[in-house]
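Analysis of the macromolecular model
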Amino acid sequence: MNHFRIVAGAPGGGKSKKIIEMLRNSTGRAVMLDGDHSPSQIRQLSFENRVDIRHVANREQFTEELERLAGLNEPINIFIDAPFLSQEDYNSLREKSNDQMPITVTLPVEPAGIAGQPFLTWPDDAYELIRVG
C-alpha cells in the first residue's frame, strides 16, 4: 500500500476540492495543513466540512506543525495543500509517510507538466498519483 499520495493538477483545477473530499472521507484521525487559503477561508472550509484544517503561512510554520503531529506517535492521516513546497520537501514527505502517518499532498502543475516531474523517477510503489482537472 502506498502511504504517499500526490494530487496533481493545473492551478484552479480542483486539487484543493479533491484533497478536502479525501480528508472528509478519511477514516481515523486526520488533519490538513493548508498554506493555500486565508485563515478565514480555512475556518469556513473546516466548519462546512467538519474537518480539522490548520493554517500554515510559510514553510517554517508548515515544518513545525508537521513535526508536532509526527511527534504525537499515534495514527494520523496528514493532508497538505501548500504551494510553497519544494521538490526537497516532497522527497522528505515521501520518506516520512508510513502506515501510521499516511501523507497526501497537492502538487500544482501545468496541464502538460506532469511528464516532467521528478517524482516520476521514484519507484512505482513509492507513491500514488491522483490527477485532477
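This brings us to the sheet that holds strand 2 (residues 30–34). Judged by pairing direction, the sheet is parallel, and its six strands sit side by side in the order 3-2-4-5-1-6 without closing on themselves. Two strands in the sheet have a free side with no partner beyond their single neighbour: strand 3 (53–55) and strand 6 (128–131). Across the sheet, the mean angle separating the axes of adjacent strands is 20° when strand polarity is ignored. Bridge analysis of strand 4 (residues 77–81) against strand 5 (residues 103–108) gives three bridges, and the strand direction is parallel. Across the sheet, residue I80 finds its bridge partner in strand 5, namely V105. Together, strand 1 (4–9), strand 2, strand 3, strand 4, strand 5 and strand 6 form the strand contacts of helix 1 (residues 15–24), whose direction differs from that of strand 5 by roughly 170°.

This brings us to the pairing of strand 1. The buried fraction of strand 1 amounts to five of the six residues, a majority that puts the element mostly inside the structure. Examined bridge by bridge, strand 1 and strand 5 share six bridges and lie parallel to one another. Within strand 5, the position partnered with R5 by the bridge is T104. Looking at chain direction, strand 1 and strand 6 are connected through four bridges and run parallel. Opposite V7, over in strand 6, you have I130 as the bridge partner.

Restricting attention to buried positions, one finds in helix 2 (residues 39–49) the residues I42, L45, S46 and N49. Seen along its axis, helix 2 keeps its buried residues to an arc of 100°; they face one direction. Away from its buried face by more than 90 degrees, helix 2 exposes R43, F47 and E48. Considering only its buried residues, helix 2 is in contact with helix 1, strand 2 and strand 3. Positive backbone phi, approximately 55°, marks R50, located one or two places after helix 2.

Cut-offs used in this document
- Residues numbered from 1 in each chain as written.
- Predicted model: local features only at pLDDT ≥ 70, side-chain atom pairs only at ≥ 80, totals over all residues.
- Heavy atoms only, no water.
- Pairing = 2+ DSSP bridges.
- Helix = DSSP H or I, 4+ residues; strand = E, 2+ residues; numbered from the N terminus.
- Axes fitted to C-alpha atoms, helices over the stretch in contact; angles between N-to-C directions.
- Contact = heavy atoms within 4.5 Å.
- Buried < 20%, exposed > 50% of the residue type's maximum accessible area, 1.4 Å probe, protein only.
- Arc of directions from axis to C-beta.

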